[in-house]
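Below, each chain spelled out in residue letters.
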Amino acid sequence: MNSFDRRSTSLRLAVGAWLLTAPPGASAASAGAPTYNRDVRPILSDHCFACHGPDSAAREADLRLDRAESAHESAIVPGDVDGSELINRVMSDDPDVQMPPADSKKPRLSPEQVELLRKWIDDGARYEPHWAYIPPERPAVPEVGRPDLARNEIDRFVLARLAALGVEPSPEAEPTTLVRRLYFDLTGLPPTPSEVDEYLNDSAPDAYERLVDRLLASEAYGERMASWWFDLVRFANTVGYHGDQEHRITPYRDYVIKSFNENLPFDQFTIEQLAGDLLPNPTMWQLVASGYNRLLQTTHEGGAQDAEYRAKHLADRVRNVSEAWLGASVGCAECHDHKFDPYTQDDFYSLGAFFADVDHYGSFVPVASNDTPTQRPPEMLAWTLPVYRAMEQCDRRIAELESSLVGRLDAKWTKRRDELINLKRQRLELEAQFEPTMITQAVEPQVIRVLPRGNWLDQSGPVVQPHTPHFLRQLDTGDRRATRLDLARWLVARDQPLTARVAMNRLWQRLFGVGLSKTTIDIGSQGEWPVNQALVDWLAVEFMESGWDVKHMMRLLVASSAYRQSSQPRPELDQVDPDNRLVARQSRHRLDAEEIRDNALAVSGLLARQIGGGVSRPYQPAGYYAALNFPEREYQASTDREQFRRSVYVHWQRQFLHPWLLALDAPTREECTAQRPLSNTPAAALVLLNDPSFVEAARALAARTLADGGASDGDRLRWAWRAATGRQGASEEIALLGSLLEQHRAHYAAHAGAAAELISVGISPRNDSIDAAELAAWTSVARTLLNLNETIFRN
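Below or above, wherever it landed, is the structure these notes cover. These numbers were taken from a predicted model, which means no experiment stands behind them.

Rules used throughout
- Residues numbered from 1 in each chain as written.
- Predicted model: local features only at pLDDT ≥ 70, side-chain atom pairs only at ≥ 80, totals over all residues.
- Heavy atoms only, no water.
- Helix = DSSP H or I, 4+ residues; strand = E, 2+ residues; numbered from the N terminus.
- Rg over C-alpha atoms; globule rule 2.2 N^0.38 Å.
- Areas by Shrake-Rupley, 256 points an atom, 1.4 Å probe, with all protein chains shown as cover.
- Lys, Arg positive; Asp, Glu negative; His and termini not counted.
- Charge placed at Lys NZ, Arg CZ, Asp CG, Glu CD.
- Phe/Tyr/Trp six-rings, centres within 6.5 Å; stacked < 30°, edge-to-face > 60°.
- Lys NZ or Arg CZ within 6 Å of the ring centre and 35° of its normal.
- Core = buried A, V, L, I, M, F, W, Y, C linked by side-chain atoms within 4.5 Å.
- Buried < 20%, exposed > 50% of the residue type's maximum accessible area, 1.4 Å probe, protein only.
- Expected span 1.5 Å × (residues − 1).
- Polar contact = N/O pair within 3.5 Å; in protein donor to acceptor, adjacent residues only side chain to side chain.
- Axes fitted to C-alpha atoms, helices over the stretch in contact; angles between N-to-C directions.
- Left-handed = near helix turned anticlockwise from the far one by under 90°.
- Contact = heavy atoms within 4.5 Å.
- Nonpolar A, V, L, I, M, F, W, Y, C, P; charged D, E, K, R; others polar.
- Salt bridge = Lys/Arg side-chain N within 4 Å of Asp/Glu carboxyl O.

1. Concerning the overall build of the protein chain
Across its full length, the protein chain carries 33 helices and 8 strands. Since a compact globule built from 795 residues should have a radius of gyration of about 28 Å, the 29 Å found for the protein chain is in line with a globular shape. Accessible area for the protein chain stands at about 33,200 Å²; split by element, carbon and sulfur atoms hold 52% of it. A distance of 4 Å separates the average location of the 87 positive side-chain charges in the protein chain from that of its 111 negative side-chain charges.

In structure tokens form, the structure reads like this:
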């Protein structure tokens, strides 16, 4: 082993020990003392809690290893390892004695895990509340030896962990990479070459900060953030079950985009979605927001059982609220007490009882209201964002004109009066451009019972009232029944320990590739202990004390030196920290499915920029919906500019998700998705090569290249390379593209039919003055560019 290998091995072992054992803010010297939350709970949760944990129905020997009093009574003697039955059992080879039992299908504890338990017992076997259930307090910001590397508090927490291990942070990414990273992370779109140049030529010391502010103020920011939120709340255009028919919810989509763009505080954002209808004198948008409660899966099947679907709706809502806001798997307590966390079956149904006033019907009941057919009552007529904004602009001008006409009879009076009359007529026309949308309209709450084993046919369980999980702070509503509004306010209360941590862990994941706790869907006992809990808590407190200001937190995160680091591999880090948990460099990852399509549309010049409005239906294989029934239907792709809109506006069919979305790992949005998988499959490459949207984008990019890229092949190839990747192409790269161009020129010159077929894909107009074979050859070059890893990855 050479000296480099020895250093790498030593560092890898040191980092591994640090990630396992270092408490928040601890020094390397103190990393050896195991604690219950960080070290012991994960072992017991994985190996023991299923039979000796919170679930009373599955508990064996009346022993709870998740509770100190029970464990100390019969299994653990603090300070006495040899006298602790737990150690005797996990070390035994006797099949009648050993734990976990051989028939449990759980693995034996490793020697390292046994040694951790021994050290913990020897040190007193002190139990702690789970870290995520303790309200966060703002920790002290660490002092660092290199304050010049720290732009804000985030950097000090990161640098303190790195310094303790003698690991240096990476240098700042080169400017072209940094500006491209920032555009994708904040807007989901690439910068144009001119936007890159604008940043590169700005020598002001605050150039980066001003770019951040400009991107946060752009409408594309709200579209980018909305896609993230829609995964969490499972926003889709169809009901999910049986015939997967469409439901009407488009204005809710526009509400979310509008809220992120206007920086609606996250606590108010939460309240309006769960209980907008319960607010005093709710606005149209607050009622639209309450459509969140209607996003679940349901059925339009005529024979559906009302009671069955009420039970399904309750369970769906409990799962989503707990996962989206609490990062908790409360859904595991539908049929029995949770096996790993303190949630009981009573907690599950009591959370569901908050939503007992939502459903007018359990199963589908078609009705009509004012001659307007409604699909899933209650619905209201609301305006999408473009119409709403046009009316706002119209109202402002009407107010100005009405004011100017009062008491004035001058030469312009008649002209202003006529303008006012026309504007009022226009406003009436705008008012008629409404969209039906599902909302919540409270009814008399249904009686909610605990369903034994989750069986909706068994109504023998006790009746429950709305209350929060029993081990967290309870609501004090006196004799009044607690409502969804009470729940929503509880979720964003300062002493509620989960919501702010969960939100900040997920925003960190969006900007750094992996959460500080990588289990962003579940931070309970089965979740990962944060690699930097002090930083999680600092961010959570900052979020709450900033007034739940999302843009403030995004600005703080992207302004940090940690965010600005290069993502270039460092061999010593790749060996010791392959998941980049220490943040000694930035992460590199593939763009989301929507961003990949939006990027292709943007660089090709096809992207239609409109905020809010209708639904986009990209090209889709014929017959893909053949298996959909009740009713049978045939997909109709958009035939106007809707075809080229951003993917946040794309029709989301839960049972038959668009093949492009499926191939690139987008979720069906049947359940909450906090982290998308990242696969690398031939199907994804074939989609990027052959999906009509991408072929058309390649043809449009080719036409742009021929029109704007210069007179020579070399100039055009360099232009196209930079348009697709954001940087100048190296001479070797341009030479390879040139070789490809010549091959395809020869091919399409000899195969006119193939050239015509390729360039006919899509509805966007084609310049007939360009030779078909030449355009086809350049289209092949553009298809290659749109498939490059560098094009579809964020560095």
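2. Digging into the packing of aromatic side chains
Applying the stated rule across the entire model yields 32 aromatic pairs. Both rings, one in Tyr241 and one in Tyr309, keep their centres 6.1 Å apart while their planes meet at 70°; by these two values the pair is edge-to-face. A residue pair is termed long-range when its members are at least 10 positions apart, and Tyr241 in the loop between α11 (219-233) and α12 (250-261) and Tyr309 in helix α15 (residues 306-326) qualify at 68 residues. Look at Tyr624 and Phe656: their rings are 5.7 Å apart centre to centre, the planes differ by 90°, and that puts the pair in the edge-to-face class. Separated by 32 residues along the polypeptide, Tyr624 in the loop between α25 (593-604) and α26 (659-663) and Phe656 in the loop between α25 and α26 bring together distant segments of the chain. Sitting above the plane of the Tyr563 ring, Arg181 keeps its charged end 5.7 Å from the centroid. Positioned above the aromatic ring of Tyr309 is the side chain of Lys312, whose terminal nitrogen or guanidinium carbon lies 5.6 Å from the ring centre.

3. Considering the nonpolar core
Ranked by size, the top nonpolar core spans 127 residues in total, and within it Trp229, Tyr252, Trp508 and Leu539 carry the most contacts. Core analysis: the second largest hydrophobic core is formed by 27 residues, Ala663, Ala666, Leu688 and Ala782 among them.

4. Side note on helix α7 (residues 153-164)
In this model α7 runs 17 Å from its N-terminal to its C-terminal C-alpha over 12 residues, within 8% of the 16 Å that 1.5 Å per residue would give. If you check which residues of α7 are buried, you get Ile154, Asp155, Phe157, Val158, Leu159, Arg161 and Leu162. Measuring from the side-chain oxygen of the N-cap residue of α7 to the backbone nitrogen of Ile154 gives 3.1 Å; that N-cap residue is Asn152. Phi turns positive, to about 70°, at Gly166, one or two residues after α7.

5. Let's talk about the packing of helix α27 (residues 682-690) against helix α32 (residues 772-787)
It is at 9 Å that the axes of α27 and α32 come closest, and there the two elements cross at 145°. When the axes of α27 and α32 are compared, the crossing they make is right-handed. Residues Ala685, Leu688, Leu689 and Asn690 of α27 pack against Arg783, Leu786 and Asn787 of α32. Of the residues in the contact of α27 with α32, the class split is 4 nonpolar, 2 polar and 1 charged.

6. Considering α15
Here α15 contains 21 residues, and its C-alpha end-to-end distance of 29 Å stays within 8% of the 30 Å for a straight helix at 1.5 Å per residue. Counting buried residues in α15 gives 16 out of 21 residues, a clear majority hidden from the surface. Residue Gly327 follows α15 closely and has a positive phi angle near 55°.

7. A word on the side chain of His651
Tracing the chain through its elements places His651 in the loop between α25 and α26. Polar contacts involving the side chain of His651 include one to the side chain of Gln653, which spans 2.7 Å. Residues in contact with His651, not counting those within four places in the same chain, are Asn237, Thr238, Glu246, Val615, Ser616, Arg617 and Tyr625.

8. A short note on the pattern of salt bridges
Inspection of every chain in the model, using the stated rule, returns 61 salt bridges. In this structure, Arg138 engages Glu545 in a salt bridge whose closest nitrogen and oxygen atoms are separated by 2.9 Å. With Arg138 in the loop between α6 (111-122) and α7 and Glu545 in helix α21 (residues 533-545), the pair connects residues that are 407 residues apart, well separated along the chain. Judged by relative accessible area, which is 34%, Arg138 ranks as partly exposed. Across the pair Arg389 and Glu219 runs a salt bridge, and its minimum N-O distance is 2.2 Å. Taken together, the residues Arg389 in helix α17 (residues 385-405) and Glu219 in helix α11 connect sequence positions 170 residues apart. Among the residues examined, Glu219 registers a relative accessible area of 37% and is labelled partly exposed.

9. Observations concerning the side chain of Lys551
As for its placement among the helices and strands, Lys551 is situated in helix α22 (residues 550-559). An unpaired buried charge is present at Lys551: no salt bridge exists, and Asp549, the closest side chain of opposite charge, is 8.0 Å distant. Discounting residues that sit within four places of it in the chain, Lys551 has contacts with Leu216, Ala217, Tyr221, Phe260, Asn261 and Asn263.

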